[in-house]
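What follows is the residue order along each chain.
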Amino acid sequence: MIDFGDIFREQRPRAVATLIRLLGDFDLAEDMLQEAVTVALVQWPRDGVPSNPGAWLVSTARHKALDHLRRDKTFERKMGELEHLSTTIVTPNVDKDHGFPDDLLRLIFTCCHPALALEAQTALTLKTICGLTVDEIARAFLVRPTTMAQRLVRAKKKIRSARIPYAVPDAERLGDRLAGVLRVLYLVFNEGYAATSGDKLVRDELCIEAIRLTRLLRNLLVAESEIAGLLALMLLQDSRRSARVGVAGDLVLLEDQDRSLWNTRSINEGVALAEDALRAGGGGFYALQAAIASLHAQPARAEETDWAQIAALYDLLFRSFPSPVVALNRAVAVAMATGPEAGLFLIAELESAGELSGYYLLHSAKADLLRRLGRKREAAKAYARALELVDQDAERQFLERRLREVRSS
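Right, let's walk through the structure included here. (Residues numbered from 1 in each chain as written. Predicted model: local features only at pLDDT ≥ 70, side-chain atom pairs only at ≥ 80, totals over all residues. Heavy atoms only, no water.)

## Things to note about the packing of aromatic side chains
Move 1: As enumerated under the stated definition, the model contains eight aromatic pairs in all.
Move 2: Taken together, a centroid distance of 5.3 Å and an interplanar angle of 65 degrees make the contact between Tyr-186 and Tyr-286 edge-to-face. Of this pair, Tyr-186 sits in helix α9 (residues 171-193) while Tyr-286 is found in helix α13 (residues 285-297), placing the two residues 100 residues apart along the sequence.
Move 3: Tyr-286 sits in the buried class, given a relative accessible area of 7%.
Move 4: Between Phe-285 and Phe-321, the aromatic rings sit 5.5 Å apart at their centres with planes inclined by 70 degrees, giving edge-to-face as the arrangement. In this pair, Phe-285 sits in helix α13 while Phe-321 sits in the loop between α14 (307-320) and α15 (324-338), placing the two residues 36 residues apart along the sequence.
Move 5: For Phe-321, a relative accessible area of 29% corresponds to the partly exposed category.
Move 6: Directly above the aromatic system of Trp-262 lies the positively charged group of Arg-240, at a separation of 5.8 Å from the ring centroid.
Move 7: In this structure, Arg-244 packs its charged tip against the face of Tyr-193, placed 4.1 Å from the ring centre. (Phe/Tyr/Trp six-rings, centres within 6.5 Å; stacked < 30°, edge-to-face > 60°. Helix = DSSP H or I, 4+ residues; strand = E, 2+ residues; numbered from the N terminus. Buried < 20%, exposed > 50% of the residue type's maximum accessible area, 1.4 Å probe, protein only. Lys NZ or Arg CZ within 6 Å of the ring centre and 35° of its normal.)

## Examining the environment of Ala-155
Move 1: Position of Ala-155 relative to the elements: it lies in helix α8 (residues 145-161).
Move 2: For Ala-155, a relative accessible area of 3% puts it in the buried group.
Move 3: Through-space distance from the C-alpha of Ala-155 to that of Leu-124 is 7.3 Å; in sequence the pair is 31 residues apart.

## Focus: the pattern of salt bridges
Move 1: Using the criterion set out here, one finds 24 salt bridges in the structure.
Move 2: Between Arg-12 and Glu-30 there is a salt bridge whose closest N-O contact spans 3.7 Å. On the criterion of sequence distance, the pair formed by Arg-12 in helix α1 (residues 4-23) and Glu-30 in helix α2 (residues 26-47) is long-range, its members being 18 residues apart.
Move 3: A salt bridge links Arg-396 to Asp-393; its shortest N-O distance comes to 2.9 Å. (Salt bridge = Lys/Arg side-chain N within 4 Å of Asp/Glu carboxyl O.)

## A word on helix α18 (residues 376-389)
Move 1: A rise of 1.5 Å per residue sets the reference length of α18, with its 14 residues, at 20 Å; its end C-alpha atoms lie 20 Å apart and thus fit the reference within 8%.
Move 2: For α18, every residue scored as buried is listed here: Ala-379, Ala-380, Ala-382, Tyr-383, Ala-386 and Leu-387. The buried residues of α18 occupy an angular sector of 165 degrees when projected down its axis, which confines them to one face. Projecting away from the buried face of α18 at angles above 90 degrees are the exposed residues Arg-377, Lys-381 and Glu-388. (Expected span 1.5 Å × (residues − 1). Arc of directions from axis to C-beta.)

## Things to note about the nonpolar core
Move 1: Residues Trp-44, Leu-57, Leu-107, Ile-108, Leu-124, Leu-185 and Leu-217 are the most contacted members of the largest nonpolar core, which totals 86 residues.
Move 2: Setting aside residues up to four positions removed in sequence, Leu-124 forms contacts with Phe-26, Cys-111, Leu-116, Leu-152, Ala-155, Lys-156 and Ile-159.
Move 3: Counting 42 residues, the second-largest nonpolar core is a separate cluster that includes Leu-328, Leu-344, Leu-369 and Ala-379. (Core = buried A, V, L, I, M, F, W, Y, C linked by side-chain atoms within 4.5 Å. Contact = heavy atoms within 4.5 Å.)

## Topic: the environment of Ser-408
Move 1: As for its placement among the helices and strands, Ser-408 is situated in helix α19 (residues 393-408).
Move 2: Once the C-alpha coordinates of Ser-408 and Lys-376 are considered, the two residues, 32 residues apart in sequence, prove to be 9.3 Å apart.
Move 3: Separated by 2.9 Å, the side chain of Ser-408 and the backbone oxygen of Arg-404 make a polar contact.
Move 4: Separated by 3.2 Å, the side chain of Ser-408 and the backbone oxygen of Glu-405 make a polar contact. (Polar contact = N/O pair within 3.5 Å; in protein donor to acceptor, adjacent residues only side chain to side chain.)

And the structure:
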């Protein structure tokens with residue numbers, strides 16, 4: 001049986017990017033794409049899935065936009081747009097300057113324009129490219145949904161009022177937006193590798209798109225070590241994608257994964273890129289994470305992992321790029337290298353700071369270390385708190401299983 005949901009999720013990022021180019025309006029593009037999906041849900045089961053479902057969705061959405069604009073009260077003012085839409089042929093659009101047939105890359109550069117606040121860049125990309133709901137993005141930023149909705153509206157209005165071009169900037173201005181673009185690609189990949197909500201832990205289409213776009217960006221700026229670092233990190237993480245979920249859709253921890261399922265080709269390319277990134281730039285945010293991922297990817301058995309070296313790299317990462325999440329990962333690495341007590345001490349410091357009080361992974365990590373120490377009652381309390389905060393179904397099922405284990409033993 002055809003899973004139309006999977007098809008729509010796979011086609012959505014590129015389709016919405018092309019529609020934004022054609023229509024020049026984020027909201028109209030998303031609304032018309034949704035209408036096209038509604039038509040597809042009626043026609044495709046009856047007539048079959050088109051050979052190019054993405055092009056079909058874009059073409060249908062474009063015709064819906066024409067009808068919408070014809071009904072608009074400001075018809076006369078919209079005549080120019082109607083003429084443009086009526087004569088536009090929906091084909092892959094090639095960038096004349098860089099030769100890239102990629103509307104999605106243009107959209108990312110638009111979202112990451114310096115005129116937008118850093119948080120707005122990220123939120124707009126998660127909404128438009130990943131298809132996350134306002135509620136999901138609000139939870140990620142620890143704000144109310146109404147607050148996030150207002151920020152998204154302001155960001156879109158800023159793009160229109162400032163006439164921010166829908167284009168990859170020339171070489172002289174690429175560097176100004178590079179940090180934002182890399183951050184967005186990193187978030188898109190992370191959402192694919194570990195979805196924040198829903199019934200699927202892994203969204204393959206987002207992982208694949210993030211890697212493809214990072215490759216394109218590396219072709220634009222070959223000398224930038226952080227692009228190599230990010231691509232290395234993605235490839236090394238992605239090499240484990242098929243092993244992260246069990247037959248029943250349950251989460252499989254790194255230490256329990258079947259390493260024969262790991263993609264050796266991706267690991268080899270990722271390790272080489274990580275080494276290149278370190279040689280070229282040293283201690284960048286993505287280069288350091290790629291080095292850590294490389295140490296996870298190379299051992300044949302989990303017991304052979306060099307946790308002392310990983311902990312040392314996390315120390316360097318935290319000194320250079322301090323954040324609560326990096327501090328949590330460092331605490332886990334220290335626990336694996338020197339013992340659970342040391343990790344719990346660092347987690348206690350994070351708890352007292354309060355910044356990660358609503359982050360389920362802090363409570364999950366704490367619970368795991370308590371479980372390893374045999375402190376089952378405390379572990380159960382921490383697992384219960386993590387369950388109150390988690391949104392992802394596979395993660396929830398894993399935590400529920402762990403909670404049952406510590407309560408029954």
